[in-house]
Amino acid sequence: MFVANWKMNGSSITVKEWLNIISSSDNLNKCIFCPPLLYLKEANEFISEKKLSLSLGAQDIDPENNISLTGGISPSMLKDVGCKYSIIGHSERRNFYKEDSTLLIDKVSICLKEGIKVIFCIGESLEERNSGQTKEILSQQLRALDGFSSENLMVAYEPVWAIGSGRIPLLEDISETSDYLIDELISLGHKQEEITILYGGSVDASNAKEIYQLKSVSGLLIGGASLDGEQFLKIIG
Ligand code: 13P
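It should be emphasised that the depicted structure is a prediction, and the values quoted were computed from it without experimental measurement. (Residues numbered from 1 in each chain as written. Predicted model: local features only at pLDDT ≥ 70, side-chain atom pairs only at ≥ 80, totals over all residues. Heavy atoms only, no water.)

Colleague: Mind showing me how you'd approach the overall build of the protein here?
Modeller: For the protein, the count of helices and strands is 10 helices and eight strands. By the compact-globule yardstick of 18 Å for 237 residues, the protein fits well, its C-alpha radius of gyration being 17 Å. Along the longest, intermediate and shortest principal axes, the C-alpha atoms of the protein span 50 × 45 × 35 Å. With 237 residues in all, the protein has 50% of them scored as buried. Partitioning the intrachain contacts of the protein with sequence separation of at least 6 by distance along the chain shows that 71% fall at a separation of at least 24. A total accessible area of about 11300 Å² is found for the protein, and carbon and sulfur atoms account for 48% of it. In the protein, 22 positive and 33 negative side-chain charges are present, and the distance between their average locations comes to 4 Å. (Helix = DSSP H or I, 4+ residues; strand = E, 2+ residues; numbered from the N terminus. Rg over C-alpha atoms; globule rule 2.2 N^0.38 Å. Buried < 20%, exposed > 50% of the residue type's maximum accessible area, 1.4 Å probe, protein only. Contact = heavy atoms within 4.5 Å. Areas by Shrake-Rupley, 256 points an atom, 1.4 Å probe, with all protein chains shown as cover. Lys, Arg positive; Asp, Glu negative; His and termini not counted. Charge placed at Lys NZ, Arg CZ, Asp CG, Glu CD.)

Structure, rendered in structure tokens:
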């Protein structure tokens, strides 16, 4: 899988230009496009009109349907605009909005109940890594997935220090950490054959292939480099 997370970037025009560029790929069925919420509807219209096989995802979701929540976006609204996935627990939201496990569990829960697949992000900060706490932090974050199944859920390992920094862990580290995450998910009752681990953090056309080829990595979550249609095309092959 290749997930394009546009974060707070793009416009009506660039969304259509981008879709036009990547529409030449044969691998669109492995792609999930997560533009800002405002552009999901027109992206969906474009995708339907051109019969493209990529999926749409939201960058976040609220943990309720139809309640009195100003600014809220519910699973039913996302489904209404053709969204099949939602990113949950991105480190930017954990840090900016102090989203904690209790809230994230509610978000995962409503998504799975309502038929929206989850891309659940976890990752350690540089400080945590430097103090040897990586595994402990990842395990803590993964505990939010206790009681769920991996059937409609992917885990994206995104070291916070690798996001937007141009720095990525050594391939051996990504591989070892992904293996560790798989073991941890199994210990939480997830079925091995259903587990999907993505890697994210400074993925671009120059490093995507070698990361994607790692045995325990089933996909990539791409921020900055996904904004450029030509570069994203190179990444997805
Ligand atoms: P970059 O690819 O820009 O480092 O961002 C990664 C990310 O946060 C994707 O969710």
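Colleague: Got a minute to help me understand the nonpolar core in this structure?
Modeller: Note on soluble globular proteins: their nonpolar side chains tend to be buried together. With 62 residues, the main nonpolar core has F33 and L54 as its most contacted residues. The element contributing the most residues to this core is helix α8 (residues 171-187), with five residues. Setting aside chain neighbours within four positions, we find L54 in contact with W18, L19, I22, L28, C31, F33 and I47. Core analysis: the second largest hydrophobic core is formed by 11 residues, V3, C34, I87 and A156 among them. (Core = buried A, V, L, I, M, F, W, Y, C linked by side-chain atoms within 4.5 Å.)

Colleague: Would you explain the sheet that holds strand β5 (residues 117-122) in this entry?
Modeller: By definition, the strands of a sheet pair up through backbone hydrogen bonds, in either a parallel or an antiparallel sense. Spatial ordering of the closed barrel is given by β1-β2-β3-β4-β5-β6-β7-β8, a layout of eight strands whose pairing is parallel. In this sheet, neighbouring strand axes are inclined to one another by 25 degrees on average, regardless of whether the strands run parallel or antiparallel. Pairing of strand β4 (residues 83-88) with β5, which is carried by four bridges, proceeds in the parallel orientation. Its bridge partner being in β5, I88 is matched across the sheet by F120. Contacts from α8 reach β5, β6 (153-157) and β7 (197-200) within the one sheet, and its direction differs from that of β7 by about 140 degrees. Against the sheet, helix α10 (residues 229-236) engages β1 (2-5), β2 (31-34) and β8 (219-222), with an angle of about 160 degrees to β1. (Pairing = 2+ DSSP bridges. Axes fitted to C-alpha atoms, helices over the stretch in contact; angles between N-to-C directions.)

Colleague: Would you mind going over helix α5 (residues 101-114) with me for this structure?
Modeller: Since the α-helix turns once every 3.6 residues, residues separated by three or four places project in the same direction. For α5, built from 14 residues, the straight-helix expectation of 20 Å at 1.5 Å per residue is met to within 8% by its first-to-last C-alpha distance of 20 Å. For α5, every residue scored as buried is listed here: L104, K107, V108, I110 and C111. Against the buried residues of α5 lie α3 (75-80), β4, α4 (91-96), β5 and β6. Positive phi shows up at G115, right after α5, with a value of about 80 degrees. (Expected span 1.5 Å × (residues − 1).)

Colleague: When you look at the packing of aromatic side chains in this model, what are you seeing that I'm missing?
Modeller: By convention here, two paired aromatic rings are described through the distance between centres and the angle between planes. Applying the stated criterion across every chain yields a total of seven aromatic pairs. When the ring of W6 is compared with that of F33, the centres are 5.0 Å apart and the planes differ by 75 degrees; the resulting orientation is edge-to-face. One end of the pair, W6, is in the loop between β1 and α1 (12-22); the other, F33, is in strand β2, and 27 residues separate them in sequence. Overall, F33 belongs to the buried group, its relative accessible area being 0%. Each ring, one from W18 and one from F33, has its centre 4.2 Å from the other, and the planes form 25 degrees; the classification is stacked. Of the two residues, W18 is situated in helix α1 and F33 in strand β2; the sequence distance between them amounts to 15 residues. We note that W18, like F33, is buried. Among the aromatic side chains, those forming a connected cluster through ring pairs are W6, W18, F33 and F232. Across from the ring centre of Y180, 5.2 Å away, lies the NZ or CZ of K135, which sits over that ring. (Phe/Tyr/Trp six-rings, centres within 6.5 Å; stacked < 30°, edge-to-face > 60°. Lys NZ or Arg CZ within 6 Å of the ring centre and 35° of its normal.)

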